[in-house]
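The lines below spell out each chain.
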Amino acid sequence: MQTTSPVTTPTDLLAGVLRGEPAWSGVDRWDTHVLVAAADHHGVGPLVWQALHARRARPHGLYEALAAARHVDLTHEMLRGREIGRVCAALDARDVRALLVKGAALAYSLYPEPWLRPRIDTDILVAHESLGAADRVLRGLGYHAAPAMSTGEFVSHQIAYEHRDAHGLSHVIDLHWKTVNPQALADALPFELLWADAGHVRHHAVLARVPSHSCSLLLACVHRLGHHQLQERLVWLYDLHLLANAVDESGWDHFVSTARDRGISAVCCHGLEAATARLGTAVPARVMVALRTSGLEEPSRAYTERTQRRIDVLRADLRLLPRWRDRLQLVSEHAFPPASYMMARYDARQRLLLPALYVHRLASGAWKWLSA
């Protein structure tokens, strides 16, 4: 018999909906706007609408409020899908090996409909040696690199490209050559490993290569902590939930062995435990035992224990970089990002202001590095 977990916050309520629980104990304590805002924050508005759509009892006006956004979601997805298809086709035509990853990949390979997985950008992973070719393809399609993102050899492993289509919709492609930025996790899932067992996904205009379910699960666990620390959103846990349900026995074997070999067992264990606690995700007991055992001594385990301050991440990165030259370059990239970034970041019009802007950055940013 299905039971309902205690509901003390809007997040609890939304998690219960995603678990399929039938009761809505205490729903009347929150205004509809509060619940809609929580659903938007957690990226699960479309999923909650879908769950309510299948029910006869729809409390508190939440269904009607979420339904209003559904039409926008569907329209945006149609335009987004066409654009993703155009980009992937152009990369393939130029023989650029490219993987659609993270939210976009899961939207087309795992979710019943791609509009159920909200996202603000499209993540594409390429090998480092393919960056130049990928850059030329994107610029040829009308994209331009966004200057307001700091890049470098060590500080960031992605470039954001923007393009506005004829309908006025902005499309953002995050081009990655490593999956996350911190050194403890940056090389955990290299391009070649993900490419080796990737498969194709097709949905209307989109034809793309995506990682296997087991590799996508690894990537989702790493990205959850590598980029977002312990900031929890239900949509990330729902990604893990769907992926765990889709992985078969051989996939779990691959998942466990890769997590162990790449030093991310603790990170993966943390993600699956969170999904289980919130969404009732079923994970084989042998998988959890193996992850807990092999993750005890991993450097990346620090990401599961507490929120890493910027200074903590920098210290860990410096320890992991083998050469002093690389360490000095990392510090320099943090302290002195490219001039184009500084001009965009501070909306400056004259390059003569750059020295003052760098001084301001160093002085005002110190507290951010020391705060949680």
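Above this text you will find the structure in question.
So, here's what we can say about the structure. This structure is a prediction, so every number in the text was calculated from the model and none was measured.

About the cut-offs
Residues numbered from 1 in each chain as written. Predicted model: local features only at pLDDT ≥ 70, side-chain atom pairs only at ≥ 80, totals over all residues. Heavy atoms only, no water. Helix = DSSP H or I, 4+ residues; strand = E, 2+ residues; numbered from the N terminus. Buried < 20%, exposed > 50% of the residue type's maximum accessible area, 1.4 Å probe, protein only. Contact = heavy atoms within 4.5 Å. Areas by Shrake-Rupley, 256 points an atom, 1.4 Å probe, with all protein chains shown as cover. Phe/Tyr/Trp six-rings, centres within 6.5 Å; stacked < 30°, edge-to-face > 60°. Pairing = 2+ DSSP bridges. Core = buried A, V, L, I, M, F, W, Y, C linked by side-chain atoms within 4.5 Å. Salt bridge = Lys/Arg side-chain N within 4 Å of Asp/Glu carboxyl O. Axes fitted to C-alpha atoms, helices over the stretch in contact; angles between N-to-C directions. Parallel < 35°, antiparallel > 145°, perpendicular 65-115°, else oblique. Nonpolar A, V, L, I, M, F, W, Y, C, P; charged D, E, K, R; others polar. Disulfide = S-S within 2.5 Å.

### Focus on the overall build of the chain
Then, in step 1: In terms of regular secondary structure, the chain is built from 18 helices and seven strands.
Then, in step 2: With 372 residues in all, the chain has 52% of them scored as buried.
Then, in step 3: Taking as baseline every contact in the chain between residues at least 6 positions apart, the subset at least 24 positions apart corresponds to 66%.
Then, in step 4: For the chain, the accessible area works out to roughly 17900 Å², and carbon and sulfur atoms hold 55% of it.

### A closer look at the packing of aromatic side chains
Each aromatic ring pair is described using two quantities: the centre-to-centre distance and the angle formed by the ring planes.
Then, in step 1: Following the criterion strictly, the structure yields five aromatic pairs and no others.
Then, in step 2: Residues Phe 191 and Trp 195 carry aromatic rings whose centres are separated by 5.5 Å and whose planes lie at 25° to one another, so their mutual orientation is stacked. You can see Phe 191 and its partner Trp 195 sitting in helix H8 (residues 191-196), four residues apart, about one turn around the helix.
Then, in step 3: For Phe 191, a relative accessible area of 5% translates into the label buried.
Then, in step 4: A relative accessible area of 18% means that Trp 195 is categorised as buried.
Then, in step 5: An aromatic cluster of three or more residues is present, and its members are Trp 49, Tyr 63 and Trp 115.

### Topic: the pairing of strand E6 (residues 199-203)
Then, in step 1: Bridge analysis of E6 against strand E7 (residues 206-210) gives five bridges, and the strand direction is antiparallel. Its bridge partner lying in E7, Arg 202 is registered against Leu 207.
Then, in step 2: Between E6 and E7, which follow one another and run antiparallel, lie two residues, and His 204 among them has a positive phi close to 55°.

### Brief notes about the nonpolar core
Then, in step 1: Ranked by size, the top nonpolar core spans 71 residues in total, and within it Val 44, Tyr 111, Leu 217, Trp 252, Phe 255, Ile 264 and Leu 291 carry the most contacts.
Then, in step 2: Ignoring any residue separated from it by four or fewer positions in sequence, one finds Tyr 111 in contact with Leu 47, Leu 106, Leu 116, Arg 117, Val 235, Tyr 238, Asp 239 and Leu 242.
Then, in step 3: Grouped together as the second largest cluster of nonpolar side chains are 28 residues, Ile 124, Ala 134, Val 137 and Ala 208 included.

### Remarks on the pattern of salt bridges
Pairing of side chains with opposite charge becomes possible as their charged atoms draw close.
Then, in step 1: Inspection of every chain in the model, using the stated rule, returns 15 salt bridges.
Then, in step 2: Close ionic contact of Asp 123 with Lys 102 constitutes a salt bridge, the shortest N to O distance being 3.4 Å. A residue pair is termed long-range when its members are at least 10 positions apart, and Asp 123 in strand E2 (residues 122-126) and Lys 102 in helix H5 (residues 102-109) qualify at 21 residues.
Then, in step 3: One salt bridge in this structure joins Glu 249 and Arg 286, with 2.9 Å as the shortest N-O distance. Residue Glu 249 is found in helix H11 (residues 249-261), and its partner Arg 286 is found in helix H13 (residues 285-294); the two are separated by 37 residues along the sequence.
Then, in step 4: With relative accessibility at 38%, the residue Arg 286 sits in the partly exposed group.

### A look at helix H1 (residues 10-19)
An α-helical turn contains 3.6 residues, so any two residues separated by three or four positions project in the same direction.
Then, in step 1: Of all ten residues that make up H1, nine are buried, and the element is covered over most of its length.
Then, in step 2: Where H1 is concerned, the buried positions are Pro 10, Thr 11, Asp 12, Leu 13, Leu 14, Ala 15, Gly 16, Val 17 and Leu 18.
Then, in step 3: For H1, the elements touching its buried residues are helix H2 (32-42), helix H3 (45-53), helix H10 (234-246) and helix H12 (265-279).
Then, in step 4: Just downstream of H1, Gly 20 is the residue with a positive phi angle, here 85°.

### Topic: the packing of helix H9 (residues 213-226) against H12
Then, in step 1: At their nearest, the axes of H9 and H12 sit 9 Å apart, and the two run at 90° to each other. One element, H9, and the other, H12, form an angle in the roughly perpendicular class. Residue-level contacts link Leu 217, Leu 218, Cys 221, Val 222, Arg 224 and Leu 225 of H9 to Val 267, Cys 268, His 270, Gly 271, Leu 272 and Ala 274 of H12.
Then, in step 2: In the contact of H9 with H12, the residues fall into nine nonpolar, two polar and one charged.

### Examining the state of the cysteines
In a disulfide, the sulfur atoms of two cysteines are held together by a covalent bond.
Then, in step 1: A complete count under the given rule lists zero disulfides for this structure.
Then, in step 2: Take Cys 221: it sits in no disulfide, and the sulfur closest to it among the cysteines is that of Cys 268, at 4.3 Å.
Then, in step 3: On the accessibility criterion, Cys 221 (0% relative accessible area) is buried.
Then, in step 4: With a relative accessible area of 0%, Cys 268 lands in the buried category.

### Structural notes on the sheet that holds E2
Then, in step 1: In spatial order, the strands read E1-E2-E5-E4-E3; together these five strands make up an open sheet with mixed pairing. The open sheet has two edge strands, strand E1 (98-101) and strand E3 (144-145), and neither has a second partner.
Then, in step 2: Relative to strand E5 (residues 170-176), E2 runs parallel, the two being bridged by four bridges. Note on E5: the bridge partner recorded for Asp 123 is Asp 174.

### Topic: the packing of H10 against H12
Then, in step 1: Where H10 meets H12, the axes come as close as 9 Å, and the angle between the chain directions of the two elements is 100°. The angle between the axes of H10 and H12 places the two elements in the roughly perpendicular class. Taking contact as the criterion, the partners of Leu 234, Leu 237, Tyr 238, Leu 240 and His 241 in H10 are, on H12, Gly 271, Leu 272, Ala 274, Ala 275, Arg 278 and Leu 279.
Then, in step 2: Class assignment for the residues of the contact of H10 with H12 results in eight nonpolar, two polar and one charged.

As far as function goes, none of this settles anything; it's purely spatial.
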